[in-house]
Amino acid sequence: MSHFKKFFLTLVVGAFALFFEFILKQGQWAYLLVTIVGGVMALTMLIEMIKTLRSGRYGVDILAITAIVATLAVGEYWASLMILIMLTGGDSLEDYASRQAGRELQSLLDNSPQIAHRKIGERLEDLTLDKVQVNDVLVVKPHEIVPVDGEALQAGSVDESSLTGESRPVDKNIGDEIMSGSVNGEGTLLYKVTSLAEDSQYQQIVKLVKESQEKPAHFVRMADRYAVPFTAVAYLIGGIAWFVTKDPVRFAEVLVVASPCPLILAAPVALVAGMSRSSRNGIVVKTGTTVEKLAAAKTIAFDKTGTITKGQLTVEKINPVAGFSEDKFLSYLASAEQESLHILARSLVSYAQKRVPLVPVTNLEEVVGSGVKGEINGQVIKIGRADFAHGAVQAGDKTMIFASLDDQYIGSVTFTDEIRPEAQKTIAQLRFLGVDNEIMLTGDRKKIAESTATEVGIQAVFAECLPQDKINVLKNIAKTERPLIMVGDGINDAPALAIADVGIAMGAHGSSAASESADAVILKDDLSRVATAVEVAQDTMKIARQSVLIGIFICVGLMLIASTGVIPALIGAMLQEVVDTVSILSALRAKNDRKPVKDKAQ
């Protein structure tokens, strides 16, 4: 039975008990009803508590169970009912704070390839992936997802951003590896199958996410850390009062005011309030435990493309040869590229249209996997890969396209994935908040990754990573450097987001699969919200601790008074409601916005 159903059942039992007691004047029926329901709930709590202890965790349940049993044993069933209402109500609130925002893997599974086109002679046969065999020859149509891993039988171009996170298209030559989950470019792709569907890269991502979520990291909640000493103090005071007076009622009276509602209520209320504050700042935090881990985080790992960078390739530099003006060079290239759908072509044309006029191009042809060629003023222009445009030119470490006119090299264009303007400041803010171990994980080349990391102030870089590589890096983070945050935006980041202590997805333009696998989602395209999420979590936990301690100190005072016998059990239960109210009002302060961390760090 869910906590909400238990809470509703307790309210119904309370209503019937009031009816029996005050309308029918049948107090024994009210006592019997509350005793039966209270006893059953105490038994179920005891079973759950034993399971919790076996898992290596502990909590406040034993004190609540003892208080219920003790009050029922001495006939103070109204006090027992009051404890049950607050206990089940607190559990229901905590469930609300911890409810997942959606089905974790649904979008990833929805986007999985389902059909393959097998080439048999000159015809194509559609079949489900489970029927695809190694060495089958498959055809992938333009913009389709590659269904299974294989080896290219002809040149082409694919988008591997869903696997590596990098936005730059990858050219494939005969014999090159083709990974499932990548998206085919403009031409038809022909390749030979090398792995069954269940062993292919895309399905491995799905498998990794599932495995990661089935093995969550162990984490002790704040309320549980206070539970043992608070329980010990309550038993000590109640036991001494019973021993001195020889009256078991005194023990029950102490435990009534010691019922752990401040622990059960104050922390969840503060967490819900903090999650509400996060939402106002464009951050969806899915669980209360996520807030606690964010507040204690020591290490943060970032994906590069779409996270540290904008994930959109833009023109960095125009490089015409001597004697060829930059404007003429740019005009020629953009004119030839204006009909291409290639990501670099679109970026170049967008850049050029604001600066130079375009000129007529004839006999325009796109050579799949290589580039485009056409004629301008009777001269043949070629634009694309170095070996296509002009074989004597060598490609560098950056993303570039090259151009020739009548087989004479005329220059190149360099592209860059622009770093987010707020990235460097975000790293500084995180260090100010105590998250001073930063890591970058990326599928991009090492030199590009190191250059980006240096610019934003990240020292540890792991480049050329596939999803499994990211998982391995995160698994090797020492316990002393945890909790660990992972920030990413693509399908390739989903397993890493799931296995990290806290996964944060850049959800404004990122993959829905990444968002579903994450513990928190940034709804605005602003990396600084990551620092805001940590700041809000730290404020929330500070207020939660204060609220819990306020409740504990008041409870200890009431326990000492109750040990003298001046507070009857029912009055003690009512006083406990006052304590709860004070704790809740204190916890609600977590909803209020404070001075932004960016101002504090300056």
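For the structure, check the block above.
Residues numbered from 1 in each chain as written. Predicted model: local features only at pLDDT ≥ 70, side-chain atom pairs only at ≥ 80, totals over all residues. Heavy atoms only, no water.

A. Region of the structure containing the overall build of the protein chain. Each helix and strand counted, the protein chain has 23 helices and 22 strands in total. Sequence separation of at least 24 residues holds for 68% of the intrachain contacts in the protein chain that already meet a minimum separation of 6. (Helix = DSSP H or I, 4+ residues; strand = E, 2+ residues; numbered from the N terminus. Contact = heavy atoms within 4.5 Å.)

B. Layout of the sheet that holds strand 7 (residues 177–178). Strand order in this open sheet of six strands is 2-1-3-9-4-7, and the pairing throughout is antiparallel. The strands lining the two open edges of the sheet, one partner per strand, are strand 2 (123–128) and strand 7. Relative to strand 9 (residues 189–193), strand 4 (residues 150–152) runs antiparallel, the two sharing three bridges. From the neighbouring strand, Glu151 faces strand 9, where its bridge partner is Lys192. (Pairing = 2+ DSSP bridges.)

C. Focus on the sheet that holds strand 8 (residues 183–184). An order of 6-5-8 is seen for the three strands of this open sheet, with the pairing classed as antiparallel. Edge positions in the open sheet fall to strand 6 (170–172) and strand 8, since each of these has one partner strand only. In the sheet, strand 5 (residues 156–159) pairs with strand 6 via three bridges, with the strands oriented antiparallel. By the bridge assignment for strand 6, Val158 is matched with Val170.

D. Examining the pattern of salt bridges more closely. According to the stated counting rule, one finds 15 salt bridges in the structure shown. In this structure, Asp387 and Arg385 form a salt bridge, with 3.2 Å as the shortest nitrogen-oxygen distance. For Asp387, a relative accessible area of 52% gives the class exposed. Assessed through its relative accessible area of 18%, Arg385 is described here as buried. Here Asp525 ties to Arg420 by a salt bridge, and the two come within 2.8 Å at their closest N and O atoms. Within this pair, whereas Asp525 is found in the loop between strand 22 (520–522) and helix 21 (528–562), its partner Arg420 is found in the loop between strand 17 (408–419) and helix 16 (423–432), the two being separated by 105 residues in sequence. Judged by relative accessible area, which is 42%, Asp525 ranks as partly exposed. Bridged by salt links that share partners, the residues Arg118, Glu125 and Asp136 form one connected network. (Salt bridge = Lys/Arg side-chain N within 4 Å of Asp/Glu carboxyl O. Buried < 20%, exposed > 50% of the residue type's maximum accessible area, 1.4 Å probe, protein only.)

E. Region of interest: a nonpolar patch on the surface. Nonpolar side chains collect at one region of the surface, where Leu18, Phe19, Phe22, Ile23 and Leu24 lie side by side and expose about 490 Å² of accessible area between them. One can find Leu24 in the loop between helix 1 (3–23) and helix 2 (27–54). (Patch = residues over 30% accessible without salt bridge, like charges linked within 9 Å, V, L, I, M, F, W, Y side chains within 5 Å. Areas by Shrake-Rupley, 256 points an atom, 1.4 Å probe, with all protein chains shown as cover.)

F. Representation of the nonpolar core. By size, the foremost hydrophobic cluster in this structure holds 45 residues, and its most contacted members are Val34, Ile68, Leu255 and Met559. Setting aside residues no more than four positions away along its own chain, Ile68 makes contact with Gly38, Ala42, Met45, Ser80, Ile83, Leu84 and Leu87. In this structure, Ala295, Val487, Met541 and Ala587 belong to the second largest nonpolar core, which totals 43 residues. (Core = buried A, V, L, I, M, F, W, Y, C linked by side-chain atoms within 4.5 Å.)

G. Quick peek at the environment of Met440. Topologically, Met440 is positioned in strand 18 (residues 437–441). Separated by 12 residues in sequence, Met440 and Thr452 have C-alpha atoms that sit 9.4 Å apart.

H. Spatial organisation of the packing of helix 11 (residues 288–296) against helix 21. Helix 21 packs onto helix 11 with a crossing angle of 105° between their chain directions and a minimal axis gap of 8 Å. When the axes of helix 11 and helix 21 are compared, the pair comes out roughly perpendicular. Contact residues: Val291, Glu292, Leu294 and Ala295 in helix 11; Ala533, Val534, Ala537, Gln538, Thr540 and Met541 in helix 21. Classifying every residue of the contact of helix 11 with helix 21 by side-chain character gives seven nonpolar, two polar and one charged. (Axes fitted to C-alpha atoms, helices over the stretch in contact; angles between N-to-C directions. Parallel < 35°, antiparallel > 145°, perpendicular 65-115°, else oblique. Nonpolar A, V, L, I, M, F, W, Y, C, P; charged D, E, K, R; others polar.)

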